[in-house]
Amino acid sequence: MSGDQHAVTPEAILQLGLGFWGPKTLLSALELDLFSALAAAPLDAETLRQRLGLHQRSARDFFDALVALGMLERRDGRYANTPATARFLDRAQPAYIGGMLEMANARLYPFWGALTEGLRTGQPQNEAKTGGNFFSALYQDPERLRQFARAMTGMSMGNTQVLAQAFPWQDHQTVIDLGCAQGGMPVQLALAHPHLGGGGFDLPPLRPVFEEYVRAFGLDDRLRFYPGDFFADPLPAADVLIMGHILHDWDLPEKRHLIAKAYAALPSGGALIVYDAIIDDDRRRNAFGLLMSLNMLIETPGGFDYTGADCRTWLRDAGFRETRVAPLAGPESMVVGVK
Ligand SMILES: C[S@@+](CC[C@H](N)C(=O)[O-])C[C@H]1O[C@@H](n2cnc3c(N)ncnc32)[C@H](O)[C@@H]1O
C-alpha cells in the first residue's frame, strides 16, 4: 500500500452521513422550547427535564449533547443558554430567529426525507404532493404569516446590513423591495440612509405585517406598502428595485419574466439588485447554494438556484448595460444590473 492510501480515511464520509443527528437535536430543542425555559435562570437537569416533559432515559444525553454542540453551557451541574442561544432562540427576544428553524423542523426535515424521490421524479416533495399548498395555508392564518415574515427578516438581516454599505445609495433617491415580506430590507436601508424613500411590494396579506413593522421604526412617512402580484400586476417604479430570495423560487422563463418586468419599471441609470445564495461559477464551492437549489426542488415545481454568471447573462439579455456580482453575508451574494 502506498502512503497516500493510508492517509485516506473514512471519517469525513461518516461525519457527513450522520451529520443530521446534530441539527435534529437542535430542532427538537426548539420544538420543546428549551431555550425559552432557560431564559430566566440556569436550571439543573431534573428541573429542566420536568419543565420540558422529557423521559428520564433521554434527558441527560439530550442536554449534554447540546452542550457538546455549543448550544448550551453547563456550570456546576446547571444548564444555561449561551450568549447566542439566549439572544436568538428565546421566543421572548426581539432577535428570535427560531421561526425559520421551527419551519425547518415541522416541514423541511420530513420533506427532505423524500429527497431521493424528488431526485428521481423532479417533483416537489412538500404539501403539494398531497394537494396542499404551504403559502395559501400560511396566508389564511395571520399568526403564521406574521411568524413567516419575521423569520424572513431574521434570515436576511446579515444581507441587509452589508447591502446598506455595499451599494452607492447616495446616487439614488428611491428603493422598492419586491417580495419584501415584513420589510426588513427597506427598513435597514432607510435607517442607514436618511435621504432614501420607497417601500416594499408583496401580496396583499402582507400589508398589515409590513405597516406594523415600518411604524415601529417611525419610518411610515418614508416607506409604503405596494400590494400586488409580481406576475399579474405592473411593478412599481423606483430608482433601485431589489429581489431577495425571489428568483430561486421560479423556473427559467419565470425568472426571465420577472427580470424583464423589473427592467421595464426602472428609469435609465436605475439598478436591479438580485440576491440569493448565489452559486460560484465553477459550481463546486458554495455547498449552501447548491443545497438551497435542492431545497427548491423539494419546495417548488420549477425553482432552482444559479451562478453569478447565469444571472448576469439573464440581466444582459433583458437589456441591463452593466452587471456585477458582489458578496453579501455568509454564502449569499448579490448581482447588480444597471439599466
Ligand atoms: C422567500 S420570501 C423573501 C422575503 C425577503 N425578500 C427576504 O429576502 O427575506 C418570498 C416573498 O415573495 C413573496 N411573493 C411570492 N409570490 C409573490 C407574488 N406572486 N407577488 C408578490 N410577492 C410574492 C412572498 O409573499 C414572500 O414574502
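Reading the values: the criteria
- Residues numbered from 1 in each chain as written.
- Predicted model: local features only at pLDDT ≥ 70, side-chain atom pairs only at ≥ 80, totals over all residues.
- Heavy atoms only, no water.
- Near = heavy atom within 4 Å.
- Polar contact = N/O pair within 3.5 Å; in protein donor to acceptor, adjacent residues only side chain to side chain.
- Areas by Shrake-Rupley, 256 points an atom, 1.4 Å probe, with all protein chains shown as cover.
- Helix = DSSP H or I, 4+ residues; strand = E, 2+ residues; numbered from the N terminus.
- Pairing = 2+ DSSP bridges.
- Contact = heavy atoms within 4.5 Å.
- Axes fitted to C-alpha atoms, helices over the stretch in contact; angles between N-to-C directions.
- Buried < 20%, exposed > 50% of the residue type's maximum accessible area, 1.4 Å probe, protein only.
- Arc of directions from axis to C-beta.
- Disulfide = S-S within 2.5 Å.
- Core = buried A, V, L, I, M, F, W, Y, C linked by side-chain atoms within 4.5 Å.
- Domains from an automatic or database assignment.
- Buried area = accessible area lost by both parts, 1.4 Å probe.
- Salt bridge = Lys/Arg side-chain N within 4 Å of Asp/Glu carboxyl O.
- Nonpolar A, V, L, I, M, F, W, Y, C, P; charged D, E, K, R; others polar.

Structural notes on the site of the ligand
Residues in close proximity to the ligand total 16 residues, the closest being Tyr139, Ser156, Gly179, Asp202 and His245. The contact in question runs from a nitrogen atom of the ligand to an N or O atom on the backbone of glycine 179, over 2.7 Å. In this structure, glycine 244 approaches the ligand through a main-chain N or O atom, which is 2.9 Å from a nitrogen atom. Across the complex, the protein chains shield 92% of the 600 Å² of accessible surface that the ligand would expose by itself. Among the secondary structure elements, those contributing two or more residues to the shell around the ligand are α11 (142–165) and β5 (197–202).

Things to note about the sheet that holds strand β2 (residues 72–75)
The three strands lie next to each other as β1-β3-β2, forming an open sheet whose pairing is antiparallel. Looking at the sheet topology across the chains shown, the edges are occupied by β1 (43–44) and β2. Strand direction decides the pairing type here: β2 and strand β3 (residues 78–81), joined by four bridges, are antiparallel. Its bridge partner being in β3, leucine 72 is matched across the sheet by asparagine 81. Against the sheet, helix α6 (residues 56–68) makes contact with β2 and β3, and its axis sits at roughly 110 degrees relative to β2, the strand it touches most.

With respect to helix α5 (residues 45–52)
Of all the residues in α5, the buried ones are Leu48, Arg49 and Leu52. Along the axis of α5, the buried residues cluster in a sector spanning 105 degrees; they form a single face. Exposed residues on α5 whose side chains face more than 90 degrees from its buried face are Gln50 and Arg51. Taking the backbone nitrogen of glutamate 46 as reference, a side-chain oxygen 3.1 Å away marks aspartate 44 as the first, capping residue of α5. The positive-phi residue at the C-terminal boundary of α5 is glycine 53, with phi of around 70 degrees.

Remarks on the state of the cysteines
As used in these notes, a disulfide is a covalent bond between sulfur atoms, one from each of two cysteines. Counted by the stated rule, this structure contains zero disulfides. Distance from the sulfur of cysteine 180, which forms no disulfide, to the nearest cysteine sulfur (cysteine 311) is 20 Å. Cysteine 180 gets classed as buried once you look at its relative accessible area, which sits at 6%. Under the relative-accessibility criterion, cysteine 311 is labelled buried at 0%.

Some details on the environment of methionine 185
Here methionine 185 lies in helix α12 (residues 184–192). The buried category is assigned to methionine 185, whose relative accessible area is 3%. In the structure, methionine 185 is positioned 21 residues away from alanine 164 in sequence and 8.8 Å away in space, judged by C-alpha atoms. Not counting the four nearest positions on each side in its chain, methionine 185 is found in contact with Asn159, Thr160, Leu163, Asp177, Ile242 and Tyr275.

As for the nonpolar core
Within the largest apolar cluster, 25 residues are counted, with the highest numbers of intra-cluster contacts made by Leu241, Met243 and Leu272. For this core, the elements supplying multiple residues, two or more each, are β4 (174–178), β7 (240–244), α14 (252–265), β8 (271–276) and α16 (308–318). Setting aside its immediate chain neighbours within four residues, leucine 272 contacts Leu241, Met243, Ile259, Ala262, Leu266, Leu315, Phe320, Val335, Val336 and Gly337. If you look at the next biggest cluster of nonpolar residues, it comprises 22 residues, including Cys180, Ala190, Leu206 and Phe210.

Some remarks on the sheet that holds strand β10 (residues 333–338)
On the basis of which strands lie adjacent, the open sheet formed by seven strands has the order β6-β5-β4-β7-β8-β10-β9 and mixed pairing. Single-partner strands in this sheet number two, and they are β6 (223–227) and β9 (322–327). Here the average twist between neighbouring strands, direction ignored, is 20 degrees. Judged from the six bridges that link them, β8 and β10 form a sheet pairing that is antiparallel. Looking at β10, one finds that isoleucine 273 is bridged to valine 336. With respect to the sheet, helix α13 (residues 207–216) is in contact with β5 and β6, its orientation differing from that of β6 by roughly 175 degrees.

A closer look at the pairing of β6
With five bridges joining them, β5 and β6 adopt parallel strand pairing. In the strand pairing of β6, glycine 199 is matched with arginine 224.

Topic: the domain arrangement of the chain
We note that the domain assignment places domain 1 (3–88) and domain 2 (99–338) within the chain. Spacing between the C-alpha centres of domain 1 and domain 2 amounts to 32 Å. Tallying the contact residues gives seven residues for domain 1 and four residues for domain 2. Approximately 520 Å² of surface area, both sides summed, lies buried where domain 1 meets domain 2, with 71% of it carried by carbon and sulfur atoms. On the domain 1 side of the interface with domain 2, the three residues burying the most area are Lys24, Leu27 and Leu30, jointly 77% of the side's total. The interface formed by domain 1 and domain 2 includes zero salt bridges. Put simply, domain 1 and domain 2 have two residue pairs in polar contact (both at pLDDT 80 or more) between them. Tallied by class, residues from the side of domain 1 that touches domain 2 come to four nonpolar, one polar and two charged.

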